[in-house]
Amino acid sequence: MDEFCSEEVLKYFAPDGQMARIIPGYKYRQEQVHLAAGIATAFQNREFLVSEVGTGVGKTYAYLIPAVLWTRFEKEKIVISTKTKALQQQIIENDLPDIKNVLGFDFKFAEAKGRENYLCWNKYINILGGKKRLDAEEQEFMETILTWAERTRTGDKKELEISSKVMQKWDIVAADRKSCRKEMCKYHDKCFRLKMLKNLQKADVIVVNHALLLSDILVDNSILPEYHYLIVDEAHTFDRESFDKLSTCFAYKDMMEVLLFLHRKGKTYQRGYLQYLRSTYKSLSILLEETGTLVDREMQLLDELYSLLSNYSGHDREYNFAVIIDSRSLETPWWEKIVDVYLDWQENTNLLINKLTAIFKETGEEDEESELSIVIMSLQTLSDAAFQILEEDINNAGKIAWIEYEKNRAVAVSSSSIHAGEMLSSSLYQKLDSMVMVSATLAIEEKFEHFIEKCGLAPLANDGRLNTLLEKSPFAYEKQAILYTVEDMPDPSSPLFTEQVAGLLPGIFSSAGSHSMVLFTSKKQLREVSKYIRPWCEKNGIKLLVQYEDGEFGFLLDEYAGSNKAVLMGVETFWEGIDLKGELLECVVIVKLPFRSPSDPFCCAGDKYYKMLKKNSFRHFMLPDAAVRFKQGIGRLIRSEEDRGAVIVLDTRLEKKVYGSVFKNSIPITNITCLKKGELSRELQKYFASCP
């Protein structure tokens, strides 16, 4: 074809087209054709498209074909953003090479990743030169990567095939913003991250993850080349990713890292960069001594500040959590103490920056200038972040601030907009000619209003530039799946609920095939249930794999897939992105409807935003948010035409609450049966016996 047009795009998807000839196992799907046509039209008309396409439609190929053809004939770059690095890698290593074979012409594509994925040659050489002391584990890591480091052409850590334990030391050689010398680096020509950025300039299609796409907004689009066409895959996570990535954070660890680089003082020793300068520049001894005193004072005030912040939680939790700083908190004596210490710390920080700037001017050597400029910039950035959170955002009605805790110790204070959509609109959408947002779970009861509102797309809809498209899954859910609800379970808030969940699971595992998954919303409940049922699983030859207890995400999935009988139990990440076909997943148990914790900063932001609009935050935020996550959990079960299975929901609110219909009307499973606990095992056995 000589120019881009929808009809020519769709020829590739025909039953006898190039896709069918080139892609093994390709099946013509009308839903896929409709999506490809919608995307082609959006590009041609410079419009925005929001689309939900059910599992099995083949959305990746549906957007890649029109995207690549558009870049060829319009000479425009297209950015494709996915949720995770794993999905990003799949597109780069599998899907785009497939599309190149289908289209029959060459085009350039590149993967954009954060700098922490790349080896920093300056750090690496400094370690080899003995400029950094290594502990035993760091020494083992360096010995493991030596051959790779000398041979790699990309410097990308994904090339390393080493254990996750050894990989934990990657940070000692990883590129990072704080230590980067930029053009002043001796190894500027060897910089792997710079090579990646140059490849992006040459690429027609750039594949990123949401985190990097949003980071590019924060740094005034200095990472990605200029682009006007964007495809956001797994778009159901985009508002949450935006809330997190566009937030401001002041972390104890980040500040202390800079201070310890400058000055470490023990009973019998002094170490750090100031000590090195003291031995090199004898004439600056008084100035350096004064600076060292300020660093000591800075550490003391920082510890005092975070000690006060730690006293606020009033909780005793093993896992990480967050606590919102609300208007009532600001009127307490506790907050008055924090303000006093914070102001002292901020004043001391300014004095420290001034002293370091004076040293910077006195030292003329390039290396010292580079090191000191990085330190000064880091301190100023941290000071600015603390100022924005604790002096500006804390009293801003459009912002929300919170304290982050790890094992009951405050580790950071953060703030974010209560509606990330406003920043997305001004910093992203307005710079685009066209954007496609696609996912298997965007609509609530077949309507997109919730997604459009939360992602800041309403102005585009009002201007007539936003279209929506809903394509259901081609799978025969009425034949392939059943959903059971249990009517006589205690309410999830009851102290008896966890015990009865644990008591019911063994019967489910015995009756529901060889592989089951149990999805929780609470880490505490997950731990309690796993403790109860683990002995039973061991006795009955079932491999129990529990998140946070039996290994990392990837390891758990590998162990699960490789076992004859296995149960996988988890929270959060296990609700989505897991693709287990056939007998690898025959039963999904949803313990509770996935409402977010009211203390989650993202949840509090949504609550505050809708209250400010004088709207019911439960109906407009909590409920649709939970319904989307519920759809994701349900979506783990049926992944192909051959799959069969059952979903069991142990939360009686699905049947007893009026809002339960929102959950049921938003999922593809229509065969729903309500029964009693005593009937569940028998019904499961009958169902699986009837499956072909």
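Residues numbered from 1 in each chain as written. Predicted model: local features only at pLDDT ≥ 70, side-chain atom pairs only at ≥ 80, totals over all residues. Heavy atoms only, no water.

K.L.:
Would you take a moment to explain the pattern of salt bridges for this structure?
P.N.:
A side chain with one charge may pair with a side chain of the opposite charge, provided their charged atoms come close. Considering all chains together, one arrives at 34 salt bridges under this definition. Between Asp 106 and Lys 100 there is a salt bridge, with its nearest N and O atoms 2.9 Å apart. Accessibility expressed as a relative area gives 61% for Asp 106, which makes it exposed. Lys 169 is paired through a salt bridge with Glu 137; the nearest N and O atoms lie 3.6 Å apart. In this pair, Lys 169 is assigned in the loop between helix H8 (164–167) and helix H9 (192–202) and Glu 137 in helix H7 (residues 136–151), connecting sequence segments 32 residues apart. Through salt bridges with shared partners, a single network forms among Lys 27, Arg 29 and Glu 641. (Salt bridge = Lys/Arg side-chain N within 4 Å of Asp/Glu carboxyl O. Buried < 20%, exposed > 50% of the residue type's maximum accessible area, 1.4 Å probe, protein only. Helix = DSSP H or I, 4+ residues; strand = E, 2+ residues; numbered from the N terminus.)

K.L.:
What am I meant to see in the sheet that holds strand S19 (residues 645–649) here?
P.N.:
To summarise the sheet geometry, strands pair through backbone hydrogen bonds and adopt either a parallel or an antiparallel arrangement. Taken in spatial order, the seven strands of this open sheet run S16-S17-S15-S18-S19-S14-S20, and their pairing is parallel. Edge positions in the open sheet fall to strand S16 (543–546) and strand S20 (672–675), since each of these has one partner strand only. Direction aside, neighbouring strands of the sheet carry axes that sit 20° apart on average. Its contacts with the sheet place helix H22 (residues 523–539) against S16 and strand S17 (566–570), and it is angled at close to 165° to S16. (Pairing = 2+ DSSP bridges. Axes fitted to C-alpha atoms, helices over the stretch in contact; angles between N-to-C directions. Contact = heavy atoms within 4.5 Å.)

K.L.:
Can you walk me through unusual backbone geometry in this structure?
P.N.:
Among all residues except glycine, the phi angle is most often negative; among peptide bonds, the trans geometry is most common. We note that Lys 75 has phi near 55°; this positive angle belongs to a residue other than glycine. Inspection of the secondary structure puts Lys 75 in the loop between helix H4 (59–74) and strand S2 (78–82). Given a relative accessible area of 70%, Lys 75 falls into the exposed group. In the Ramachandran plot, Asn 221 falls in the positive-phi region, its phi being about 55° despite a non-glycine side chain.

K.L.:
For this particular structure, what's the right way to read the sheet that holds strand S4 (residues 205–209)?
P.N.:
Pairing is parallel in the open sheet, where seven strands are placed in the order S3-S4-S2-S5-S12-S1-S13. The open sheet has two edge strands, strand S3 (109–111) and strand S13 (466–471), and neither has a second partner. Strand after strand, the sheet turns through a mean of 15° between neighbouring axes, direction not considered. Pairing between strand S1 (residues 48–53) and strand S12 (residues 434–439): five bridges, direction parallel. Within the sheet, the bridge partner assigned to Phe 48 lies in S12 and is Met 435.

K.L.:
What am I meant to see in the packing of helix H10 (residues 210–218) against helix H11 (residues 238–245) here?
P.N.:
Each pair of packed helices gets described by two things: the angle between the helix axes and the distance between those axes. Look at H10 against H11: their axes get within 10 Å of each other, and the N-to-C directions meet at 45°. When the axes of H10 and H11 are compared, the pair comes out oblique. The element H10 and its partner H11 pack so that their crossing is right-handed. Judged by residue contacts, His 210, Ala 211, Leu 213, Leu 214, Ser 215 and Leu 218 of H10 engage Phe 238, Glu 241, Ser 242 and Lys 245 from H11. (Parallel < 35°, antiparallel > 145°, perpendicular 65-115°, else oblique. Left-handed = near helix turned anticlockwise from the far one by under 90°.)

K.L.:
Mind showing me how you'd approach the side chain of Thr 82 here?
P.N.:
Its location among the elements puts Thr 82 in strand S2. Looking at Thr 82, its side chain comes within polar contact range of the main-chain nitrogen of Gln 88, at 3.4 Å. The contacts of Thr 82, once residues within four sequence positions are left out, are Leu 87, Gln 88, Ile 91, Val 208, Asn 209, His 210 and Asp 233. (Polar contact = N/O pair within 3.5 Å; in protein donor to acceptor, adjacent residues only side chain to side chain.)

K.L.:
What should I look at first to understand the nonpolar core in this one?
P.N.:
Generally speaking, nonpolar side chains in soluble globular proteins are found buried as a group. If you look at the biggest cluster of nonpolar residues, it comprises 55 residues, and the most contacted ones within it are Tyr 429 and Leu 457. Tallying contributions element by element places H7 first for this core, with five residues. In contact with Tyr 429, other than residues within four places in its own chain, are Phe 48, Phe 238, Leu 424, Met 435, Cys 455, Gly 456, Leu 457 and Leu 460. Core analysis: the next-biggest nonpolar cluster, separate from the first, contains 49 residues, Val 258, Leu 259, Leu 379 and Tyr 405 among them. (Core = buried A, V, L, I, M, F, W, Y, C linked by side-chain atoms within 4.5 Å.)

K.L.:
I would appreciate a short explanation of the state of the cysteines in the present structure.
P.N.:
Such a bond, covalent and formed between the sulfur atoms of two cysteines, is termed a disulfide. Under the counting rule described, the total for this entry stands at zero disulfides. Not engaged in a disulfide, the cysteine Cys 249 finds its nearest cysteine sulfur in Cys 604; these two sulfurs lie 17 Å apart. Judged by relative accessible area, which is 36%, Cys 249 ranks as partly exposed. (Disulfide = S-S within 2.5 Å.)

K.L.:
Explain the environment of His 450 here, please?
P.N.:
Residue placement: His 450 occurs in helix H18 (residues 449–454). Spatially, the C-alpha atoms of His 450 and Glu 655 are 23 Å apart, while their sequence positions differ by 205 residues. The contact partners of His 450, leaving out residues within four places of it in the chain, are Ile 444, His 620, Phe 621, Pro 624 and Asp 625.

K.L.:
Explain helix H28 (residues 677–690) here, please?
P.N.:
Helical periodicity: at 3.6 residues per turn, an α-helix aligns residues three or four positions apart in one direction. Taking 1.5 Å per residue as the helical rise, H28 with its 14 residues ought to reach 20 Å, and the 21 Å between its terminal C-alpha atoms agrees with that figure. Those residues of H28 that are buried lie in contact with helix H20 (477–480), strand S14 (481–486), helix H21 (497–511), S19 and S20. (Expected span 1.5 Å × (residues − 1).)

K.L.:
I'm lost on the environment of His 188 in this one. Help?
P.N.:
Mapped onto the secondary structure, His 188 falls in the loop between H8 and H9. Once the C-alpha coordinates of His 188 and Gly 554 are considered, the two residues, 366 residues apart in sequence, prove to be 35 Å apart. Not counting residues up to four positions away in its chain, the partners in contact with His 188 are Lys 182, Glu 183 and Leu 194.

K.L.:
What should I look at first to understand a negative patch on the surface in this one?
P.N.:
Judged by side-chain charge, Glu 304, Glu 336, Asp 340, Asp 344 and Glu 347 come together as a negatively charged surface patch. Top contributing element to the negative patch by residue count: helix H15 (residues 333–362), with four residues. (Patch = residues over 30% accessible without salt bridge, like charges linked within 9 Å, V, L, I, M, F, W, Y side chains within 5 Å. Areas by Shrake-Rupley, 256 points an atom, 1.4 Å probe, with all protein chains shown as cover. Lys, Arg positive; Asp, Glu negative; His and termini not counted. Charge placed at Lys NZ, Arg CZ, Asp CG, Glu CD.)

K.L.:
It is not clear to me how the packing of helix H24 (residues 601–612) against helix H25 (residues 617–634) should be interpreted in this structure. Could you clarify?
P.N.:
One way to put it is that H24 packs onto H25 with a least axis distance of 8 Å and a crossing angle of 150°. Here H24 lies roughly antiparallel to H25, going by the angle between them. H25 is crossed by H24, and the crossing has right-handed handedness. In contact with Phe 602, Cys 603, Gly 606, Asp 607, Tyr 610 and Lys 611 of H24, H25 contributes Ser 617, His 620, Phe 621, Met 622 and Asp 625.

In short, the description is geometric, and any link to function would need to be established separately.
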